[in-house]
Amino acid sequence: HPHDDGRVFFKEIRSTLAAGYDVDIVATTAPGSEPFDFPGAKVIPLPRVPGRLGLPFNWWRLLRAARATKSDIYHFHDPDLLLVGCLLKLWTGRPVVHDIHEGNPEAMLVKAYLPKWSRGLLYWLMWIWETVLSWFIGNVIVVEPTNGERFRKLGCRVCLVENFALSDQFPDEPGDPMDRPPHVLFVGTLSPERGCLMVPEIASHLRTLRPGSEIIVTDRWFIEDARKEMGRRVEELGVEDVVRFVPNVKLDKLPEYLKGARVGLSLVEVNPVSLRQNFTKLFEYMAGGLAIVANKHPNKGPYFELAESGILTEYEPRAIAEAIASVMDDPEALRRYAENGRRAFVTRFNWEAAADDMMNFYDEILEAQGS
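To keep things clear, this report deals only with the structure shown in the data block. Everything numeric here is computed off the predicted structure, so don't read it as measured data.

Some points on the overall build of the protein
Secondary structure summary: the protein contains 14 helices and 13 strands in total. Referenced to the eigenvectors of the C-alpha coordinate spread, the extents of the protein come out at roughly 65 × 45 × 45 Å. Here the contacts in the protein between residues at least 6 apart in sequence split such that 68% fall between residues at least 24 apart. About 17,300 Å² of surface is accessible on the protein, with carbon and sulfur atoms providing 54% of the total.

Listed below in structure tokens is the structure:
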């Protein structure tokens, strides 16, 4: 992960700094970088190594740089660094935390760049790798509850830190959603599994159902092939006037984009990976006062039941377009969903509540280390 990743820096590291810790970030940066301060934290740069197979070439550099910080706790976010985490624990005697952002073994089953014949084998290799090395590390953070149960059964100390939105990023009440343009916002990293290839067809239906609406899409992708395929479908269906791409939206710029839409769109296939994920955009849409249209998913249902902030529909383009149009054409429902979502964010689904859990986890780890 880069040093300015949304979860890593803007949420976890800022909260750790606010709790009184000193923080060093060891991460890949632009070529030739020297150590530099990044709002309160010191960044120790590593060179970027091309390609996924090149990642292990940075392990020794990372191990040496991390050990040199003489930290009280080492916290990392990538499954390929599990071996580094184990060596840090052995070499320094200090506690190490593995922060798991998704189901890493399950991700092997759906990654488009992997040959299909290899995915089952890689699933089991990742499952063994993550299980054995996480057991040795002993401290695990997860983003959704079911993944935590797997590690508790191993005897690990586990903390649930859900990826809620930041309160200080959304301090102002959003205002009346009817004062905004009749647009839909679809943000995040795009992939076929996250519904991007359905968007052109959704746009085609929406043009008929709700003329004048746009779907604003962030130009951020897991793989380049998906970008090309989505562009081809936009052109094929002739919806260039409905689908509008905007540059990749960094976390600190997101509130401005939220003010330009009435509805937030959240799409994801129900698959082994998404069943291990927590959907950050739901909470950001709530924070920004957008009504939400999302496809039905076991991990989304509980939040919708608690917040009553939008519509869950089938994972099918026309059904999604009809749900968007029905909200757009019902000012009372639009305002109700927006107000309910904002209230749920302020009272329950905000990062500060999750950060308290993480700080308590650190305290628990350090107390156990001291004993």
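Re the sheet that holds strand β1 (residues 24-28)
Across a sheet, strands are paired by hydrogen bonds formed along the backbone, either parallel or antiparallel in direction. If you walk across this open sheet you meet the three strands as β1-β3-β2, and the pairing is mixed. Looking at strand neighbours, the two that pair on one side only are β1 and β2 (36-38), the edges of this open sheet. Averaged over all adjacent pairs, the angle separating strand axes in this sheet is 40°, with direction ignored. Sheet analysis places β1 next to strand β3 (residues 41-46), joined by five bridges and oriented parallel. Its bridge partner being in β3, Val26 is matched across the sheet by Ile44.

Here's the deal with the nonpolar core
Residues Ile13, Ile25, Leu185, Phe283, Met286 and Phe349 are the most contacted members of the largest nonpolar core, which totals 52 residues. Counting residues per element, this core draws most heavily on helix α14 (residues 351-370), at eight residues. When neighbours within four sequence positions are excluded, Phe349 is seen to be in contact with Phe164, Ala165, Phe283, Met286, Tyr303, Leu306, Ala307 and Ala344. Among the nonpolar cores identified, the runner-up in size contains 34 residues, and Met198, Val199, Ala325 and Met328 belong to it.

Focus: unusual backbone geometry
The phi dihedral of Pro39 falls on the positive side, at around 20°, and the residue is not glycine. The topology assignment puts Pro39 in the loop between β2 and β3. Under the relative-accessibility criterion, Pro39 is labelled exposed at 60%. The backbone phi angle of Glu308 is positive, close to 50°, even though this residue is not glycine. As for its position among the elements, Glu308 is in the loop between α11 (301-307) and β13 (310-313).

Quick look at the packing of aromatic side chains
In this structure the tally under the stated criterion is 14 aromatic pairs. The interplanar angle of 25° and the centroid separation of 6.4 Å between the aromatic rings of Trp59 and Trp129 together place this pair among those described as stacked. You can see Trp59 sitting in helix α2 (residues 59-68) and its partner Trp129 sitting in helix α5 (residues 116-137), a full 70 residues away along the chain. On the basis of relative accessibility, which here comes to 29%, the residue Trp129 falls in the partly exposed class. Joined through ring pairs, the aromatic side chains of Phe164, Phe283, Tyr303 and Phe349 make up one cluster. Note that Lys89 overlies the ring of Phe136, its terminal NZ or CZ placed 4.9 Å from the centroid. Over the ring of Tyr337 we find Arg336, and its NZ or CZ is 5.1 Å from the ring centre.

Thoughts on a nonpolar patch on the surface
A cluster of nonpolar side chains, Trp124, Trp127, Ile128 and Val132, forms an exposed patch at the surface whose accessible area comes to about 400 Å². On the secondary structure map, Val132 appears in helix α5.

Points about the sheet that holds strand β6 (residues 139-142)
A sheet is described by the order of its strands in space; here four strands give the open sequence β4-β5-β6-β7, paired in parallel fashion. Both outer strands of the open sheet, β4 (74-76) and β7 (157-160), are each paired with one neighbouring strand and no more. For this sheet, the mean angle separating the axes of adjacent strands, direction not counted, is 20°. Here three bridges tie β4 to strand β5 (residues 96-100), and the two strands are oriented parallel to one another. Bridge pairing links Phe76 to His98 in β5.

Criteria and thresholds
Residues numbered from 1 in each chain as written. Predicted model: local features only at pLDDT ≥ 70, side-chain atom pairs only at ≥ 80, totals over all residues. Heavy atoms only, no water. Helix = DSSP H or I, 4+ residues; strand = E, 2+ residues; numbered from the N terminus. Contact = heavy atoms within 4.5 Å. Areas by Shrake-Rupley, 256 points an atom, 1.4 Å probe, with all protein chains shown as cover. Pairing = 2+ DSSP bridges. Axes fitted to C-alpha atoms, helices over the stretch in contact; angles between N-to-C directions. Core = buried A, V, L, I, M, F, W, Y, C linked by side-chain atoms within 4.5 Å. Buried < 20%, exposed > 50% of the residue type's maximum accessible area, 1.4 Å probe, protein only. Phe/Tyr/Trp six-rings, centres within 6.5 Å; stacked < 30°, edge-to-face > 60°. Lys NZ or Arg CZ within 6 Å of the ring centre and 35° of its normal. Patch = residues over 30% accessible without salt bridge, like charges linked within 9 Å, V, L, I, M, F, W, Y side chains within 5 Å. Salt bridge = Lys/Arg side-chain N within 4 Å of Asp/Glu carboxyl O.

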